[in-house]
Structures are given as structure tokens and as C-alpha cells.
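# Fold and contact review
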Amino acid sequence: MGNITEEISRRRTFAIISHPDAGKTTLTEKLLLYGGAIHIAGAVKSNKIKKTATSDWMEIEKQRGISVATSVMGFNYGDYKINILDTPGHQDFAEDTYRTLTAVDSVIIVVDVAKGVEQQTRKLMEVCRMRNTPVIIFVNKLDREGRDPFEILDELESELKISVRPLSWPINIGAKFKGVYNIYEHSLDLFTPNKQKVSERVEISDINDPAIDSAVGEADSKKLRDDIELIDGVYPEFDTEEYLRGKLAPVFFGSALNTFGVKELLDCFVKIAPSPRPIQAEEREVNPSEPAFSGFVFKIHANMDPNHRSCIAFVKVCSGEFKRNFNYKHVRTGKFIRFAAPTAFMAQKKSIVDEAYPGDIVGIPDTGNFKIGDTLTEGEELHYRGLPSFSPEMFKYIENTDPMKSKQLEKGIQQLMDEGVAQLFINQFNGRKIIGTVGQLQFEVIQYRLLNEYGAQCRWEPISLYKACWIESDDDEALAAFKKRKHQFMAVDRDDRDVFLADSNYVLQMAQNDFPKIRFHFSSEY
Ligand code: G4P
């Protein structure tokens, strides 16, 4: 058992995010190789649901089965304890990713050099920006033809709305890719396309070292020197504080598949990335080094086996030391619970842990007590704020097709919503239940899981909705008038809060114009 301050300072808890296919899985795997957590490439299939598998149940189930093990990947690298939190690649599971981002201290964004900033990356970056999460960017696939690196930097800056600072620089790309100059450490690595072997390092004193000319040729070394001069002229010196404030993203270039530029990224990452920092709970700011344990549930993973309706709740330790067999308070219910078999995730294996420190993730077997966002403490009334729910993008009525099983359906819907699979709204006009999701796949997953885990059958019916927005007003009369006028379009969420169901952008805008005293919110936290 270590000293808590030391344990905290050596922890790096982060997520890798990207648009599907940019190379997140490959990079994760290479980081695990460096950490000795796996020994061969190809070992991580992650909980990646391939695009081809959009409606393939068995595939989803299989993926979910292995995804508990790869949800959190902990390993030691030098003196550091690294926890990588996996996020689903499929965009229909974006909500899961958003929530996982509440449990990380920093993020690595992977961008494909040919494609630049893609839609999913943009969205995820918005969530990082909301929380001022520090981000490092890895521009991947330099072994392939792609865009000019300066152009990529401009795009990162304008599309991701963050200042950037290259800390490494490629010498050509695609077929002519020769290597990467490490601006941060003034070193040069030559590219040898090989999936397993680490690249060759050329010892140099600085950018003017003639060894660079011998290694890459005169023309390319001249270009490199010009580029570096330009970079140093255009971009201010890298400032770690700015990075930690989430205002500046260092950029690395490489090829994850070829394990190239990955070590540089990792070495810089462990140096500059934050260890767990103070977190603002509703009541007060909580410092990780406080002696009393506290943490929150950011993810619930259900067991797909219908005979074992158990889940694993993933708890991020925020302060103090988590100990096995201790009684901790489940703040939402006020109950004290003892955890006899909490698990940690090291080197892709799940094993029982006796203690865990801030930054660590503990898996707690659960039989439906927990909801996403629940706080655990030693007794204090603390509430960590989760990520708000965003207005879903797709809506459907859910209808029971087996009247004998309505109780099961009720319970199933309730628990799936607790897990955060989708959002439920109840239309106040006709009493019908509406499920809102971020993608089509969720509807299929819900239907499948209701049947398999709860024995309940449902059918979807279309509803034409543009957005669900939470409404409030300081003026009770205005609120009542709005609800009366829009009574067919009023619903409540699971916490009984008023939600307006706008069927088009036009209707929403008209409502906003006509009812100036009403505030419309597009996320549940306001
Ligand atoms: P994702 O998790 O972000 O969705 O991406 P993933 O790592 O699965 O990578 C997507 C594809 O890009 C994979 O090929 C992978 O091999 C390839 N890739 C990743 N990094 C590099 C790189 O540095 N250079 C090149 N040239 N390719 C790279 P795939 O054929 O779709 O999948 P697989 O059959 O190889 O798994």
C-alpha cells in the first residue's frame, strides 16, 4: 500500500477518442504493448462494433461479452500507473463515450491524416471543451498519402476550436514518409515500416546536426529545417499550463499501425498529462488527496446472460482510498453497502482488489441498485455532477406486444434507462412512452435486451420529433400557459421534469419567439 499522494501523482487516467477508423484501437493496442500489458499485436479487439455489424445481434452480444475486460485497461509504465478507459467506436453509442469522458483526467484524440477532423471527433471535442479536459492530438497514418501537415494543424485549430502546438513533425508523408523529428526532445526517428519493430533512432544534438542530412538526404533535411523554423515562428513555445487548462493541444504525428511515433507520444503523455485533480461536487470541491473515499458511477455494464441479471457498475475513485469490505454510503438511497468483490482491471484481466486510489476505476458487481451518476462516500452527502443528458436525436414510441408481460417490460425499461442506454419521456397527452436515442442501433439493442434479459416484447412506432427540450420559467403563469397551449406536445422525463417535444425546428423557433418567458434547454443540466 502506497502513500496516497504518491499514488495519485503517478496515475494517468485517460480515454482515446476518434472518429471510427482513425486508428483508436490500433493505438490503444500499441500503448498496451509498451506497457507490457499484452505481448502481441492484434490482441485487442476492444468493444469495437464494426460498421458492418450494425444489426447483427450475435456480433453485438459477442462484443459486449468481451468489452467488460477491455472497458478499462490498467498497466504500469515506468513509475506511472496508466488507466485507459475504452470508448465504443460506433457513433450510435456516443452517449456512452460522453459519460466515460466524465471519468477521465485527459484525452488523446486520434485523427486520420487523410481525413482530417471528422464529425464524431468534433462532437467529442465539444464535450472535452465543456469540461476543460486536456487533450493531446495524434495525427495517424502518416505512412499513407494524406494532407499537408500545416493544413491539418489549421483544420484542427479551426474545427476543434483549440490552439495547437506541434511537438513532433513528419518528414514527408505517404510513400516518401521518412520519419518524425521530435520537437519536444530534439531527436529524430527514422521510419521503417514494420508492424512490430520499434523505429530506428538517430542521435542528434539539434535541428542543425548534419546527421539529419546523412539520414534523410539534403533536400528533406532542408525542408524539415524550414518547417521547424516556420513552426517556431508561428506557434508559441509549448506551455504545459495552457495544455492543463484545456486551451492548448500538443500535436504528434505517426503511424499507429507501424508503432511509429507512439513511444514519443506515450513518453510525453506521462510527463505532461494530469494526475487526478480536484473535482467540483455539488456541495464543494473535493481534493483527491482527502483521506475519505468518494467516487461516482459513470458506467453500468449489464450481463447479457438472462440467468444472471447482474451488472457491473464502474466507479471512478475521486478521493481517498477505496477499500474492499468497507461500508460505503450510496448517497442517492442513503444506504450503506459493503463491497466484498470489487474488481480492478490490470493488463486486461479482471481481478479482485483490496484497495484503489484516485484515478482508478473499480468494478462493482451490482443487481440493479446503481444508476449512472450515483455517488459513493464514507458518509458525507456529496453529489458528483455527471454529464448532462443531451436532447436525443431519434425518437420512437415503445409499445408492449405481450400484455402478460407488462410488469417485466416496465422493469426492463426502467433498468435500461438507469444504465443510460437511452432516455425515456412520457407524453402527458396520451400517456405513451417515448424512447429517445442517439442512433438507430440503440432501438435494436433495447428491443433485443428487453426480450433476452426480461422476457418482454416490444414494438416500435414512429413519432415525428425534431427535439426534446427541457423547459422552465420563473413565471408560473407563463409556464402553465405554455403547457396548456402545447399540451399535445408536453412530456415528462424520468425525474418528472417538463419536456417540450418539438416536431420541427420551425415549431421550436416559433415557440421560443411566442413564449419569451420560457427557457428552453437542450441538455438536462441547467
Ligand atoms: P478505430 O478503432 O479508430 O475504428 O480504428 P482501428 O484502429 O480499427 O483502425 C482502422 C483501420 O486503420 C484498420 O484497418 C487499421 O489497421 C488501420 N490503421 C490504423 N493505424 C494505421 C496506420 O498508422 N497506417 C495505416 N496505413 N493504417 C492504419 P482495417 O483494415 O479497417 O482493419 P483491420 O482488419 O486491420 O483490423
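For the structure given in this document, a descriptive report is provided here.

Rules of the game
- Residues numbered from 1 in each chain as written.
- Predicted model: local features only at pLDDT ≥ 70, side-chain atom pairs only at ≥ 80, totals over all residues.
- Heavy atoms only, no water.
- Helix = DSSP H or I, 4+ residues; strand = E, 2+ residues; numbered from the N terminus.
- Buried < 20%, exposed > 50% of the residue type's maximum accessible area, 1.4 Å probe, protein only.
- Contact = heavy atoms within 4.5 Å.
- Areas by Shrake-Rupley, 256 points an atom, 1.4 Å probe, with all protein chains shown as cover.
- Salt bridge = Lys/Arg side-chain N within 4 Å of Asp/Glu carboxyl O.
- Pairing = 2+ DSSP bridges.
- Axes fitted to C-alpha atoms, helices over the stretch in contact; angles between N-to-C directions.
- Core = buried A, V, L, I, M, F, W, Y, C linked by side-chain atoms within 4.5 Å.
- Polar contact = N/O pair within 3.5 Å; in protein donor to acceptor, adjacent residues only side chain to side chain.
- Phe/Tyr/Trp six-rings, centres within 6.5 Å; stacked < 30°, edge-to-face > 60°.

Turning to the overall build of the protein, a few remarks are in order. Of the regular secondary structure elements, the protein holds 14 helices and 31 strands. Within the protein, buried positions represent 56% of all 526 residues. Contacts spanning at least 24 positions in sequence make up 71% of the contacts within the protein whose residues lie at least 6 apart. Of the roughly 22500 Å² that the protein leaves accessible, carbon and sulfur atoms contribute 49%.

Turning next to the pattern of salt bridges. Applying the stated criterion across every chain yields a total of 38 salt bridges. One salt bridge connects E151 with R147, and the closest N-O pair in it is separated by 2.9 Å. E151 sits in the partly exposed class, given a relative accessible area of 40%. Across the pair R332 and D374 runs a salt bridge whose closest N-O atoms are separated by 2.9 Å. Here R332 is found in the loop between strand 17 (327–330) and strand 18 (335–338), whereas its partner D374 is found in the loop between strand 22 (361–366) and strand 23 (375–377), with 42 residues between them in sequence. Of the residues examined, R332 reaches a relative accessible area of 41% and is grouped as partly exposed. Judged by relative accessible area, D374 falls into the buried class, the value being 4%. Salt bridges here are not isolated pairs; linked through shared partners, they connect E7, R10, R11, K81 and D360.

This part is about the sheet that holds strand 7 (residues 168–171). What the four strands build is an open sheet, ordered 7-8-9-10; its pairing is antiparallel. Two strands lie at the open edges of the sheet, namely strand 7 and strand 10 (200–202), each paired on one side alone. Across the sheet, the mean angle separating the axes of adjacent strands is 25 degrees when strand polarity is ignored. Looking at chain direction, strand 9 (residues 187–190) and strand 10 are connected through three bridges and run antiparallel. Looking at strand 10, one finds that D189 is bridged to R201. Sitting on the sheet, helix 8 (residues 218–234) touches strand 7 and strand 8 (179–182), and the angle it makes with strand 7 is about 150 degrees.

General note: in soluble globular proteins, nonpolar side chains tend to be found buried as a group. By size, the foremost hydrophobic cluster in this structure holds 64 residues, and its most contacted members are L101, I137, V139, L153, L156 and W169. In terms of residue count, the dominant contributor to this core is helix 6 (residues 149–160) (five residues). Residue contacts for I137: discarding those within four places in its chain leaves I109, V111, L156, L160, V164, A249, P250, V251 and F252. Y34, Y77, I84 and L248 belong to the second largest nonpolar core, which has 31 residues in total.

So, about the sheet that holds strand 31 (residues 519–521). Hydrogen bonds along the backbone pair up the strands of a sheet, which may run parallel or antiparallel. Strand order in the open sheet formed by eight strands is 27-24-26-25-29-30-28-31, with antiparallel pairing between adjacent strands. Each end of this open sheet is capped by a strand with a single partner; those strands are strand 27 (458–462) and strand 31. Mean inter-strand twist for the sheet, computed between neighbouring axes without regard to direction, equals 40 degrees. The pairing of strand 28 (residues 467–472) with strand 31 spans three bridges and is classified as antiparallel. In the sheet register, W470 faces strand 31, and the bridge partner there is H521. Of the strands in this sheet, strand 28, strand 30 (498–502) and strand 31 are in contact with helix 14 (residues 505–514), which crosses strand 30 at around 130 degrees.

Quick look at the side chain of T28 now. Position of T28 relative to the elements: it lies in helix 2 (residues 24–34). Taking relative accessible area as the criterion, T28 reaches 4% and is therefore assigned buried. Not counting residues up to four positions away in its chain, the partners in contact with T28 are I16, M73 and I84.

Now for the side chain of S294. Looking at the secondary structure, you find S294 in strand 14 (residues 294–302). At 2.7 Å, the side chain of S294 forms a polar contact with the side chain of Y384.

With that settled, consider unusual backbone geometry. The phi torsion at H186 lies on the positive side, around 50 degrees, for a residue other than glycine. Along the polypeptide, H186 turns up in the loop between strand 8 and strand 9. Note on H186: relative accessible area 40%, which makes it partly exposed. Its identity as a non-glycine residue notwithstanding, N325 has a phi of 70 degrees, on the positive side. Within the secondary structure, N325 sits in the loop between strand 16 (322–323) and strand 17.

Bringing the pairing of strand 2 (residues 72–77) into the picture now. Strand 2 sits mainly inside the fold: five of its six residues count as buried. Two elements, strand 2 and strand 3 (residues 80–85), share six bridges in a ladder whose sense is antiparallel. Across the sheet, Y77 pairs through a bridge with Y80, a residue of strand 3. Taking the residues that link successive antiparallel strands as the turn, the strand 2-strand 3 hairpin has two residues, and the phi of G78 there is positive, at about 60 degrees.

In terms of burial, strand 4 (residues 106–112) is a largely internal element, seven of the seven residues being buried. Burial along strand 4 is two-sided: S106, I108, V110 and D112 and V107, I109 and V111, pointing in opposite directions, are all buried. Where strand 1 (residues 11–18) lies against strand 4, five bridges are found, and the strand directions are parallel. Residue pairing for strand 4: I17 is matched across the bridge by I109. Note: strand 4 against strand 5 (residues 135–140), six bridges, orientation parallel. Of the residues in strand 5, the one forming a bridge with V107 is V135.

Within the fold, Y34 resides in helix 2. Its relative accessible area of 18% is what places Y34 among the buried residues. Separated by 41 residues in sequence, Y34 and F75 place their C-alpha atoms 9.6 Å apart.

A full pass over the atoms with the stated rule returns 22 aromatic pairs. For the ring pair F296 and Y384, a centre distance of 5.8 Å and an interplane angle of 50 degrees mean the geometry is tilted. Separated by 88 residues along the polypeptide, F296 in strand 14 and Y384 in the loop between strand 23 and strand 24 (394–400) bring together distant segments of the chain. A single burial state applies to F296 and to Y384, both of which are buried. Judged by centre distance (6.2 Å) and plane angle (70 degrees), the ring pair of F500 and F520 falls under edge-to-face. Pair noted here: F500 is in strand 30 and F520 is in strand 31, with a separation of 20 residues, a long-range link.

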